[in-house]
Amino acid sequence: MALSDRSRSKLTLLKKITDEILAEDELNLTSTVATLPLPDAAEVFEDAQVPLAIATSSSMSAWEPTEPWESSGGRLMNTGASADVIADIVSDLIEKGERACEQLADKSSTFWGRLEDAEERARYLLAKRHRIKAKMDCMEDMVSYGVEDLSFFENGDRLNYGLTMLKLEEQLTTVNNQLKNYSVNMSNMEQSIDAAQRSAKMVLVQMLKFIKSPNEHPMTANVHIDKQQLVPVFANLVASLFRSTRTEFEIQTCRVVDGGIGVFLNRMGVMHTILHVRNDNVFESGTAADVLFKLIGHCVCFGAKRGILFTTERQTSLNTDCYKIIQSATDRDIQIICVFVEEFAKELPSESAVVKELLKNFKHFLSHPVFKVPVVRESPPKPAPKPKKRIVKPQKPIEPPPKPPTPPPPKPVVKKKKIPKPKPTPPPTPIKVETPPPPTPPKPKKVPEKRTASLTPKREPEKKPSVMERLNPTPPKEPPVFTDEFSDKPCHGTVKWIQPFDAEADAKALRKAMKGFGTDEKVITNILCYRANEQRQAIALKYKSAFGRDLVSDLDGELSGNYGDIIAGLMMPVAEYDASELKKATKGLGTNDSCLIEILCTRGDKEKQQIKEAYKRKLKKSLEEDVVGDTSGNFKKLLVAMINSNRDTTQTVDLSSAKEDAKVLYEAGEAKWGTNEEAFITIFASRSPPHLRAVFKEYKALANKSIVDALKSEMSGNFGKALKTLVAVIEDRCTYFAEKLHKSMKGIGTKDSDLVRIVTSRCEIDMLEIKEAFQVKYNDSLENMIKGDTSGDYRAALLALISDQSGVNEGVSMEPDEWVDAAQYEDHQIYSGTIVDCENFDAEQDATLLRKAMKGLGTDESAIIGVLCFRSNKQRQEIMSKFKTLYGRDLIEDLKSELSGDIENFMVGLMRPASEYDASELKRAVKGLGTDDDALVEILCSRSNSELDEMKEVYEKLFKTTMEKDVKDDTSGDYQNLMVSMITSVREEGPQVNLAQVRRDAKALLDAGELKLGTDEEEFNLVLATRSFPHLKAMFEEYKKLANKDLSESVSSEMSGNFKSGLKTIIKCVCGRSTYFAEVIYKSMKGLGTDDKTLARAVISRSEKDLTQIKEAFQAAYSKSMEDWVREDTSGDFQAALLAVIGGEMPKNFTQPKVEPSEPPEWIDATPYKVEYTETPVIKEAPGADLDKDAAALRKAMKGFGTDEKAIIDIVCKRDNAQRQKIKDQFKTAFGRDLLKDLESELSGKLATIILGLMESNVEFDAHQIRKAVKGLGTDDDCLVEILCTRTNEELLAIKEAYNRLFERSMEDDVKSDTSGTFQKLLVSLMNAARDVEPEQVDRSKCKKDAKVLFDSGEGKLGTNEEEFVRILATRSYAHLRCVLEEYEKVAGKSLTQSVSSEFSGDIKNGLKTIVECIQHRQQYFADALYKAMKGLGTNDKVLMRIVISRSEVDLKEIKEKFEAIKSEPLAKMVEGETSGDYRKAMLAIINGNY
């Protein structure tokens, strides 16, 4: 399909602009800019030459309003039945048309929004290029005329312009390519719009068909309708067609064309032929021509000079005239006018607003007194056809029209047959579950949480509920009452907590309902629709732990359609459900804007925050980014503002403020040519609900119309719909949802998606109030309407959710419990590992020894074993950290490169924390072809809940996928279910055992196995995977009494394969975990060959837990020590490492390093070696700053053509960072735009760098600078040195965290990949952030030793030992190092700075010198760096901006003082002389400060 004229003209204009911009010849920019259409310019028609010949014709003189009933006489009669049918048909057609128009408006809004965005971007680039070129031309002119003072146009600035021009050319090329793509994309979109347009226009075609042949309509089968009855309908249709164009078009000309009549209207500079009826023998009767001439003349006379077609005062006259003329028309005349209407409909534009306005006007005219009662001329009776059964749709109630001056006499009315309403049926009752509820044992003792040092302020993590709390959530003491954030009123849900509650019984019933052939939907409804959300989550958790299956997945596989959608929604927490609905709304082609509006405009700030978090957590994406990508224009801005809204929570109302806001809205809409949509967004998105209600009231008093009416006339499409939704929600949210529910079921068909979403999301929040509002508004219950519009399980679920539930589970039989202390079934043995903390542990000494063992040619494996196998895991982590700090190397990577085979795997395994080691072993088990099922069973069936939870967390962090997914992909059947149950990690825990439940479990397992033909594996899975170990131990005894055999024997005979292996592993671990692992180790060495991986895994994982007891069990079971087996079955370094861990045997070739007698410590006061820094920022919190006004001022500075850089500088450079962040938030709330993106698009060059840098926190700024330094080709080593060598431990940790958060990458990995050698080691050491803390005392003897080491490694040595310099300068405290510097001068006779300069070169020299200078005085270092950045030819702007920005809120005042003291010139003065333009202004604004 070809593009429309409007689209083609816009695309042609844009292509012309970009083609001219990209042309190499000289541009006539002034004329090009002059030809650009300004905003709304095309809609202002100033020179319309409208001939008034028709308006002044003689036919107009007799056109006066008269009462159409006067000449009717006694020939008029009433036919009530046919009138009802006409009303039903017309109402149904109008409803269909309105729905089609809504769809068309949504698609058109997206279409024009994208086109206008491209046009705006092209205009902006053209204007910007024009400004820069004019400036450069001016500079060239000044040079040519011999002007010498070119300080403003210095070379640096000129170069900047040249680079800017190149950048603009690239941007314009991109836009040009985008425009080419738009041509294709818009053609496709217009095809979609054309289809929607045809649907919207179809209402006119169907209306005309009904007017032409009324008795052929299906609904008129048993009623005769005379065509004259349709005169009022047809007259209103014609009048509505003209009135509908009132706000959309202007008449450009009206003239006779080829003997016909042509009306030409102007819209956005594109000509539309609205009416063109040729005079080729169609006007045989003068009546039809009269009608057309008078209608057109009326429009021209009263509307041409006002820009509208006719005025409000003449509407009644037009209706009356239309009716009077058409009433006297012949059938031939009506057929001719139908042709006219059809032609009119064909030429309607793509926007649905015209058709929608027509339908609204038509609907309004039908209630006018003139057309209140349909009339017909008297005609001979026609034989009635055979009656057919017909259901007449009840007409909607409409407001009574104003009383006519002379009402017609009362006429008999034929009453409709009333259809009796069905009696309400009670909602389904909850299912009766005979299983007793689980016990509620005493709460376990709280384990004190470990305190961890936090270097950056973090939100306290929420306390995770215990397993028993997750399986048995604590019910509220009273029914939950929610507070409506919009009305501050209490509200209540219909779905309540049910008591007593048994998650296991519900899970069993659900599994039974879905197992095998067929599905018992009634059971599913009676459980899930009568449980609170927390209870449903507990059921899902129990279902997975009991059966190893995902309840949601099983439900999804068994259910479908609307019923399936309800159940799926109920299984999510409310915020997660809303998030999933928003994702559906934006996913794929097209956008469900109605859903976006419903959720984002009706949820409070707290609810939306939860939705955003759920969206990010579940979908790994940002809600805002997805919404922005699928919407456009003002609608997008409003939704972004709603997503980030932070409404004022004040409940009191300032009437003066409310009046002011009402005035702002009025002046932004009704009182303005065009509309300032941003004013509406700002007020609607940020003001409190009580304040907005007061604003709406004041608006009505000011504008003489309600805010809703104003929005209808001023706004359109989704933006208008969203604002009207906000008004409805602010006034009464429950009534809004009631209306939405009614609309979803009104008319033919049901909007099931809306119905399901509202009922599911509101059933636990405010459904009681919604039902009440529904009853009041529609005089009918919500239950009755649902019964009439739905059926089957879908209806049953809806009725269950909206019924006021009692919360009592009458089906649970309370069986007495028999509680005993779990201690009698617990193993009271004290367990211990073979590896414990090493006494006199020195991480630095161990790290040095390991480095020595791996440095140079060859590797000393004995030394590695002698250190690592005799340190606890905690100590090994300290060694690894110290190794990285001292040498800038990763210990694990060094071990991998120096070792191989079994010894490599063993030593690397020892270096990992327990949870990380288990996770890596499990990943190895499922990776690649085949699966190591023994490893899976051993790890998953032997670990506790807490160990499994920690393992899952580490697994996802390491491998970016879930452990459950990987295990499920590599397993199947009952074995898979068991593994998933174990991964769920919800085995019961508690201090007591319920003997009654023990007996029931023993009986259930017997019935499921030995006494059953076949085996019910799921029962074994449920009991063995979920019960506590004391419970299972008691159950084993009970089972043996019942079955006369051990449960292990039954499992061996009833099960097979890996499932049997898993169950037996659980049984063995319950009976004795030490015995089980002794068996694992024995089997790994038994027979030919050795399973080295299993042996290593068992020894490493148990070495600090219970390896001592495992050794004892091994000796008792196999009459031989574990060490002897290891000696016989292994060899080499692997054997030495095993024996070291198992028996504490030191490697034969390893000798403990001699401890040289050290000098006694010489402690001295550290005060003389401490530099007390006074840190004074130059930018502080600006007192009295109105941040809302700042946000508005920034928007104004960037809106439209050009940018007010001064305004941006005055605000951003004069507010502290906390205030800037609030401005950024307010900017998004008020305007639905991202301030950073706007600044980035409006600014360029150095000014953009400064402003964007100031908008970040210090750590984020540093993180961005480091990212820029290592990104792309080349590395900015100076930047890395300046940041990493000058920041404290706390600052470095915060920068690393920010880097990872912003870029989802490791800063250490990025820096390592871009550096090498000793420089890399230095930076890695610093990033480890392990410099010693500043002491109160300094050990002078250690300082002397370090000074001696530095001298011997440099000046006193042939060559240089760089590692020693890194080790000392990157790890010692600053006070210690200042003492070292003092001692070094005594030893070397020169300063350490001089030695570094002579011994090193390149980046490592720069890094070490920076550290030494910071040791002496950090602020002095920054002052020197600033001077170097401006000294000599050219200016190092990167360094200058980086230091000024990063220190502006830290210590820039002291840096300025140091600068002036040494350079005898203020920093501001030197900066002023070295910079220019807006760059200079911004730098001086920061340096001079804001106080």
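Scoring rules and cut-offs
Residues numbered from 1 in each chain as written. Predicted model: local features only at pLDDT ≥ 70, side-chain atom pairs only at ≥ 80, totals over all residues. Heavy atoms only, no water. Core = buried A, V, L, I, M, F, W, Y, C linked by side-chain atoms within 4.5 Å. Buried < 20%, exposed > 50% of the residue type's maximum accessible area, 1.4 Å probe, protein only. Contact = heavy atoms within 4.5 Å. Helix = DSSP H or I, 4+ residues; strand = E, 2+ residues; numbered from the N terminus. Arc of directions from axis to C-beta. Polar contact = N/O pair within 3.5 Å; in protein donor to acceptor, adjacent residues only side chain to side chain. Axes fitted to C-alpha atoms, helices over the stretch in contact; angles between N-to-C directions. Parallel < 35°, antiparallel > 145°, perpendicular 65-115°, else oblique. Left-handed = near helix turned anticlockwise from the far one by under 90°. Nonpolar A, V, L, I, M, F, W, Y, C, P; charged D, E, K, R; others polar.

Asks: Looking at this structure, I do not really get the nonpolar core. What am I missing?
Replies: Core analysis: the largest hydrophobic core is formed by 154 residues, its most contacted members being Ile-524, Phe-684, Met-1035 and Leu-1047. If sequence neighbours within four positions are ignored, Phe-684 has contacts with Arg-647, Leu-665, Leu-692, Phe-696, Ile-707, Leu-711, Leu-723, Leu-726 and Val-727.

Asks: What's the story with helix α54 (residues 1235-1242) in this structure? I'm lost.
Replies: Residues three or four positions apart in an α-helix share a direction because the helix packs 3.6 residues into each turn. Residues Leu-1235, Asp-1238, Leu-1239 and Glu-1242 constitute the buried set of α54. For α54, the angular spread of buried residues about the axis comes to 100°, placing them on one side. Set apart from the buried face of α54 by more than 90 degrees, the exposed residues are Lys-1237 and Glu-1240. Capping of α54 at its N-terminal end is provided by Asp-1234; its side-chain oxygen lies 2.9 Å from the backbone amide nitrogen of Leu-1236.

Asks: Just to check I follow, could you spell out the packing of helix α56 (residues 1258-1270) against helix α67 (residues 1437-1447) for this structure?
Replies: Angle between the axes and distance between the axes: these two values describe a pair of packed helices. Where α56 contacts α67, the axes come no closer than 9 Å and their chain directions differ by 160°. The angle between α56 and α67 places the two elements in the roughly antiparallel class. You can see that α56 and α67 cross each other, and the crossing is left-handed. Residue-level contacts link Asn-1258, Phe-1261, Asp-1262 and Gln-1265 of α56 to Arg-1442, Ile-1445 and Ser-1446 of α67. Grouping the constituent residues of the contact of α56 with α67 by class yields two nonpolar, three polar and two charged.

Asks: Can you walk me through the side chain of Lys-1321 in this structure?
Replies: Summarising the element assignment, Lys-1321 is placed in helix α60 (residues 1317-1327). Among the residues examined, Lys-1321 registers a relative accessible area of 17% and is labelled buried. Apart from residues lying up to four places away in sequence, Lys-1321 is in contact with Arg-851, Tyr-887, Gly-888, Arg-889, Glu-1363 and Val-1366.

Asks: Explain helix α16 (residues 561-570) here, please?
Replies: All buried positions along α16 are accounted for by Tyr-563, Gly-564, Ile-566, Ile-567, Gly-569 and Leu-570. Here the buried face of α16 lies against α13 (521-528), α14 (533-547), α15 (551-558), α17 (574-586), α27 (752-762) and α30 (792-802).

Asks: Just checking my understanding: could you explain unusual backbone geometry for this structure?
Replies: One can expect most non-glycine residues to show negative phi and most peptide bonds to be in trans. Of note, the bond from Gln-499 into Pro-500 is cis; its omega dihedral lies within 30 degrees of zero at -5°. Of note, Pro-500 is situated in the loop between β7 (490-491) and α12 (503-514). Although it is not a glycine, Lys-620 sits at a positive phi angle of roughly 55°. With respect to the helices, strands and loops of the structure, Lys-620 is situated in the loop between α19 (605-619) and α20 (623-630). Residue class for Lys-620 comes out exposed when judged on its relative accessible area of 59%.

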